[in-house]
Amino acid sequence: MPLEKYQYISDVWREGIFDNKVVFCTGGAGTICSAQVRAMVHLGANACIIGRNVEKTEKMARDIATARKGAKVLGLGAVDVRKTEALVAAAERCVKELGGIDFVIAGAAGNFLAPIDQLSTNALKSVMDIDVLGSYNTVKATLPYLAESAAKHLTDGKTRPKNGTGGRIIFVSATLHYAGTPLQSHVSIAKAGVDAMSVAIAIEQGPKGITSNVIAPGPIADTEGVARLSKVEGRDKSMKSIPSQRFGTVKEIADATIYLFSDSGNYVNGETIVVDGGQWHTASVD
Ligand code: HXC
C-alpha cells in the first residue's frame, strides 16, 4: 500500500505557517539576518529588526515588509546590543506594537581581521561585548515573551498543535573556531561563547518548551565576511577550500532558519546546523 504523503514529507513549509507570529532579530539590517527575517515574513510572520544605524535599519524594515502584503516590520535603529536596557526597551516596544515575541534571532556581530599579537584588549572586548554580551542581552530581554509564546503552543505539556510553534531562539554563529582561523582569534573566542550559551539555554529552558539552536554559516556570497576573507586569500583560493566549490547563499541560511522555527524542527534543541558546503572539515587539508 502506498504511503500517505504526510507519512514521509512534512507538510509545514508553506505560506501562512508563521501567521500571527513575531520574530525579533538583532543585526536584522545585515545581509544574512535580513534574508532570514524576509523568509519568515514571506511565510506569515511580522518582525522587529534591531540595528545600530537608524537609516539602514528603517530602510531594511520597509524593504522586508514588501515580502508579504499586510506585513508589519518594525525597524528599531540606534540600539546597541551591548546595552542591556536598550534591548529591554526594544523588546517592550516590539511587544507593544506587534503583540508578542515568538522567535528570536541573535545575529548582531562584530568582526575585523587582525593577528592576535596586534589585537588590543579593547579590540577583543569590543567583539566579545557585541557577540557574547549582545546575544545574552538579546535572549535575556526576550525570554519572558518567548516563555509565554512557548506555553501557548504546549497543549498538554508535551505536544504541539499542528501549525503552531513559538518560544524559539537561533544564534547566528560561525565555523571559524572549529579548527582555528588565522586573524580571527577574537571572533573565535566570542563565537565559542555564543555556542556554549545556546546549549545552556536549551537544557535550562527546554522544559518550558523553549528551544535554542545555532546556525553556523560558512562563506556566504555577497556578505561582508566573504568580502574581507577574499581580500586576504583571494576569491579563488577561498572557493577551492569548499567541497561544494561555491559560496553559500543567504537563501540557504534562511532555509535552515525556517526548518528550526517551523514544526519540522520541533525536536531539535541545543544543536548547531553548519551551513558551509563542508568547508570546515577541510581546514587541515592543503
Ligand atoms: C585591529 C581593530 C580593528 C582592526 C577596530 N579595532 N578595528 N583592531 N584591527 N581592523 C579595535 C579598535 O582599535 C579599538 O581598540 C577597538 O577595536 C574598538 O573599536 P571601535 O571602532 O571603537 O569599536 P566600535 O565602534 O564599537 O566597533 C566595533 C567593531 C566594528 C567590532 C570594532 O568592526 C564593528 O562595529 N563591526 C560591526 C559590523 C561588522 O563587523 N559586521 C561583520 C560581521 S561579519 P583600541 O585599543 O584602539 O581602543 C562576521 C563574519 C566574519 O561576523 C567572517 C570572516 C571574516
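Before reading on, note that the structure itself is shown above.
From a predicted model like this one, the values you see are computed outputs, not experimental measurements.

Reading guide: rules and limits
- Residues numbered from 1 in each chain as written.
- Predicted model: local features only at pLDDT ≥ 70, side-chain atom pairs only at ≥ 80, totals over all residues.
- Helix = DSSP H or I, 4+ residues; strand = E, 2+ residues; numbered from the N terminus.
- Buried ≥ 20, exposed ≤ 12 C-beta atoms within 10 Å, placed from the backbone.
- Contact = placed C-beta atoms within 7 Å.
- Pairing = 2+ DSSP bridges.
- Near = placed C-beta within 6 Å.
- Nonpolar A, V, L, I, M, F, W, Y, C, P; charged D, E, K, R; others polar.
- Core = buried A, V, L, I, M, F, W, Y, C linked by C-beta atoms within 7 Å.
- Arc of directions from axis to C-beta.
- Axes fitted to C-alpha atoms, helices over the stretch in contact; angles between N-to-C directions.

Chemist: I would appreciate a short explanation of the overall build of the protein in the present structure.
Modeler: Within the protein, the regular secondary structure consists of 10 helices and seven strands. Burial status across the protein gives 43% buried among its 286 residues. A fraction of 72% describes how many contacts in the protein between residues 6 or more apart in sequence connect residues 24 or more apart.

Chemist: Any chance you could explain the pairing of strand β4 (residues 103–106) here in plain terms?
Modeler: In summary, the side chains of a regular strand alternate between the two faces of the sheet. Burial along β4 is two-sided: the face carrying Phe-103 and Ile-105 and the face carrying Val-104 and Ala-106 are both buried. Judged from the four bridges that link them, β4 and strand β5 (residues 168–172) form a sheet pairing that is parallel. By the bridge assignment, Phe-103 is partnered in β5 with Arg-168.

Chemist: Looking at this structure, how should I read the site of the ligand?
Modeler: Close to the ligand lie 16 residues; Gly-110, Phe-112, Ser-120, Ala-123 and Gly-225 are nearest. Looking at the shell around the ligand residue by residue, the class counts come to eight nonpolar, six polar and two charged.

Chemist: Can you help me understand the nonpolar core in this one?
Modeler: Buried together is how nonpolar side chains tend to be arranged in soluble globular proteins. Grouped together as the largest cluster of nonpolar side chains are 72 residues, with contacts concentrated most on Val-23, Met-40, Ala-47, Cys-48 and Ile-49. With near-sequence residues (within four places) excluded, Met-40 lies in contact with Phe-18, Val-23, Ala-45, Ala-47 and Phe-261.

Chemist: Help me understand helix α8 (residues 224–233) in this model?
Modeler: Because the α-helix completes a turn every 3.6 residues, residues three or four places apart line up on one side. If you check which residues of α8 are buried, you get Gly-225, Val-226 and Leu-229. Angular distribution of buried residues about the axis of α8 spans 85°; they occupy a single face of the element. Of the exposed residues in α8, the ones pointing more than 90 degrees away from its buried face are Ala-227 and Lys-231. Residues of α8 that are buried make contact with α9 (235–240). Gly-234 sits one or two residues past α8 and shows a positive phi near 85°.

Chemist: Help me understand unusual backbone geometry in this model?
Modeler: One non-glycine residue, Asn-20, adopts positive backbone phi at about 65°. Within the element layout of this structure, Asn-20 appears in the loop between α1 (5–8) and β1 (22–26). C-beta crowding within 10 Å serves as the criterion here: with 14 such atoms nearby, Asn-20 is assigned to the partly exposed category. Of note in this structure, Asp-222 is not a glycine but carries a positive phi near 65°. You can see Asp-222 is positioned in the loop between β6 (211–217) and α8.

Chemist: Looking at this model, I keep getting lost on the environment of Lys-191. Mind explaining?
Modeler: Looking at the element boundaries, Lys-191 is found in helix α7 (residues 185–205). Overall, Lys-191 belongs to the buried group, with 27 C-beta atoms counted inside 10 Å. Lys-191 sits 97 residues away from Cys-94 along the chain, and the two C-alpha atoms are 27 Å apart. Discounting chain neighbours no more than four positions away, the residues touching Lys-191 are Asp-131, Ser-173, Ala-174, Leu-176 and His-177.

Chemist: In this structure, what is going on with the sheet that holds β6? I would like to understand it.
Modeler: Hydrogen bonding along the main chain pairs the strands of a sheet, whether they run parallel or antiparallel. Spatially, seven strands are ordered β3-β2-β1-β4-β5-β6-β7 in an open sheet, and the strand pairing comes out parallel. Of all strands in the sheet, those bounded by a partner on one side alone are β3 (73–76) and β7 (272–275). Averaged over all neighbouring strand pairs, the angle between strand axes comes to 15°, with direction disregarded. With four bridges joining them, β6 and β7 adopt parallel strand pairing. Of the residues in β7, the one forming a bridge with Ile-215 is Ile-273.

Chemist: Help me out: how do you make sense of the environment of Cys-25 in this one?
Modeler: Its place among the elements puts Cys-25 in strand β1. By the C-beta count within 10 Å, which is 28 here, Cys-25 ends up buried. Non-local contacts of Cys-25, meaning those with residues more than four positions away in its chain, are made with Cys-33, Gln-36, Val-37, Ala-47, Ile-49, Ile-50, Ile-105 and Gly-107.

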